[in-house]
Amino acid sequence: MPDAKEMMKAAVFMGPEKMEVKEVPKPECRPGEVLLAVKACAICGTDGRIYYFGQKNVVPPHIIGHEIVGEIAEIGGDVEGYELGEPVTVVTSIGCGLCKYCERGLTNMCPDSKAVGYYYPGGFAEYMIVPAEAVRQDAIVKLPEGMPYADAAMVEPLSCCINGQEYLNVMPGDTVVVIGAGPIGCMHLMLAQADEAGKTIIIDMDEKRLKMAERFEPDLIVDGRDGSSVERVLQATAGLGAEVVIVACGSHQAQMDAIRMAAKMGRVSYFAGLPKDKPTITFDSNLVHYREISVFGTFASHRRQFVKALDLISTGKINASKLITHRFPLEKIVEGIVTTKKGEGLKSVVTFE
Ligand SMILES: [Zn+2]
Ligand SMILES: [Zn+2]
C-alpha cells in the first residue's frame, strides 16, 4: 500500500476526562511549516485543567501539550535556517504578527494570540507541526547540543516565571516570599536565589509540598494552615515585610495576604489566576497607597524569555533536573496528569524514547 497514510501515536483529548492514546495520521509538513519528532513534553497544571474541565480554545478532538522538546524531522518548502535532527523547543504564544504587542515581540499579550498546545495541536504526540505563522515569528528556539530533553522541557514553565519576575526586579538582599510550593512556586524560588535574594521564604498548606520544597533550601518554610503566614513573614523580616511576594497558587486568601506581608515599596506578583466564577478579592487599599506597594499581573511568556530560560538551564544556574520527579511514556499520560493534579512530586514529563 504505497499510498497508505503514515500514522503516529498521539494522546487525543476527546472532552473532559476523556483522553485516548491511539494511532492517528501523522501530520503532513506543508510549505512554511516544520515537523518535529517530539522527544519530551512536560505536563503543566493547565493541561490538568483542560483534561478535567476543557478550555474554550481547545476544541476536541485535539492534541494538547505546550512544554515541548523535539527534533526537526521535516522542513517545509520556503523554510530556511534549520537542519534535520536539530533539537528545539517552541514558544507557546503565537501572535498575529501585526499588532503593537507583536511589534515589540510580546506575542503573549497579542489580542489574537493563538497558543501551541491550545489552539494549535501540541506535543503529546510522536510528531507535531510548528505552524507557518510560528515559524515566521521565529518561535522555534534551538537547544544546545547534549542538553537532556526532559530538562529542556522546563524551559517553557521557567520562561513564564521569568516573565513574572522581570516586573519584580529582585535585588541582592531582598526578601522574596513565594506562596505556593508547587513546581511553579519552586521555580520562582530558584530564580530568586539565582538573583541573590537575601532571604527566601516559601509558604504552602500542603504537607507533601512543604516537604518537597526542602530540596530547594529556602531560608524559611512556612506551613500556612494555621493562618499565621503574614505574622511569620513579618517576624522573619524584623517587622518590615518582604520586598517581593509572589503568589503562585490560585487562592483568594494568598492574594490578600501577599499585600499585607509586603514591605514598603514592595512588589507583589499575582502569578496564578483565580477561578473565573469568583475572581474578586478585597484588601486595604491604603496599604498599597501609603506603603507604595506595586501589584503586577503576568501571563505566559514570549521568545526573549524562552531564550533567557534556556540560558539559565543550560548554564546550570537553574538546576532543572531538580524539578523533575516523574517520567511517563505517552501511554500513561493520564497517570501523569493525575499525579500532577494530586500535587505528588513536582514536574511530570512525558518522554518519547
Ligand atoms: Zn505550562
Ligand atoms: Zn499581535
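Only a predicted model underlies this, so the values are computations on that prediction, with no experimental measurement involved. Here, residues in each chain are numbered from 1, in the same order as that chain's written sequence. Both sets of labels track the order of writing: A upward for chains, 1 upward for ligands. Restriction of local features to residues with pLDDT of at least 70 applies here, the model being predicted, together with a cutoff of 80 or more for giving and counting side-chain atom pairs; totals for whole chains, interfaces and linings are based on all residues.

**Overview of the packing of helix α5 (residues 155-166) against helix α11 (residues 303-314)**
Each axis is a line fitted through C-alpha atoms, and for a helix only the stretch in contact is used; angles between axes span 0 to 180 degrees, taken between their N-to-C directions. A run of DSSP states H or I qualifies as a helix once it reaches four residues; a run of E qualifies as a strand once it reaches two. Both are numbered from the N-terminal end. It is the contact of α5 with α11, at a shortest axis distance of 8 Å, that shows an interaxial angle of 115°. Between α5 and α11, the interaxial angle falls into the category roughly perpendicular. Crossing geometry of α5 relative to α11 is assigned as right-handed. Taken together, the residues of α11 that come into contact with α5 (itself represented by Val155, Leu158, Ser159, Ile162 and Asn163) are Gln305, Phe306, Lys308, Ala309, Leu310, Leu312 and Ile313. Charged means Asp, Glu, Lys or Arg here, nonpolar means Ala, Val, Leu, Ile, Met, Phe, Trp, Tyr, Cys or Pro, and polar covers whatever is left, Gly included. Across the contact of α5 with α11, the residue classes break down as eight nonpolar, three polar and one charged. Note that the term roughly parallel is reserved for angles under 35 degrees, roughly antiparallel for angles over 145, roughly perpendicular for angles of 65 to 115, and oblique for everything else. Each helix crossing is assigned a hand: it is left-handed if the near helix lies turned anticlockwise from the far helix by less than a right angle, otherwise right-handed if that turn is clockwise. The contact criterion used is a C-beta to C-beta distance within 7 Å, with each C-beta placed from the backbone.

**Examining the environment of Ile313**
The topology assignment puts Ile313 in helix α11. In this scheme the burial state of a residue depends on its C-beta neighbours within 10 Å: 20 or more other such atoms mean buried, 12 or fewer mean exposed, and anything in between means partly exposed; the C-beta positions come from the backbone. Overall, the presence of 24 C-beta atoms within 10 Å leaves Ile313 in the buried class. Remark: the alpha-carbon pair of Ile313 and Asp204, spanning 109 residues in sequence, is separated by 25 Å. Excluding its chain neighbours within four sequence positions, the residues that come into contact with Ile313 are Asp151, Met154, Val155, Leu158, Ile318 and Ala320.

**A few points about the domain arrangement of the protein chain**
As assigned here, the protein chain comprises domain 1 (7-158 + 301-351) and domain 2 (168-297). Marked domain ranges trace back to an automatic or database domain assignment. Each of domain 1 and domain 2 has a C-alpha centre, and these two points are 29 Å apart. Looking at the side of domain 1 that touches domain 2 residue by residue, the class counts come to six nonpolar, one polar and four charged.

**Notes on the sheet that holds strand β10 (residues 175-179)**
Think of a sheet as strands paired side by side through backbone hydrogen bonds, with each pair either parallel or antiparallel. The six strands lie next to each other as β12-β11-β10-β13-β14-β15, forming an open sheet whose pairing is parallel. The open sheet terminates on both sides in strands that have one partner only, identified here as β12 (220-223) and β15 (294-297). Neighbour-to-neighbour, the strand axes of this sheet turn through a mean angle of 15°, independent of strand direction. Relative to strand β13 (residues 242-247), β10 runs parallel, the two being bridged by four bridges. When the sheet's bridge partners are listed, Ile179 is paired in β13 with Val247. Across the sheet, helix α8 (residues 229-236) lies against β10, β11 (199-204), β12 and β13, angled at about 170° from β11, the strand it touches most. Those strands touched by helix α9 (residues 252-260) are β10, β13 and β14 (262-270), and its axis lies near 155° from that of β14. In this scheme, strands are said to pair when DSSP sees at least two bridges between them.

**Regarding helix α6 (residues 183-194)**
What a helix is expected to span follows from its residue count: subtract one and scale by 1.5 Å. With twelve residues, α6 extends 16 Å from end C-alpha to end C-alpha; this agrees with the ideal 16 Å at 1.5 Å per step. Most of α6 is tucked away, with ten of its twelve residues classed as buried. Among the structural elements, α5, β10, β11, α7 (207-213), β13 and β17 (347-351) are those in contact with the buried residues of α6. Immediately downstream of α6, the backbone of Glu196 shows phi near 60°, a positive value.

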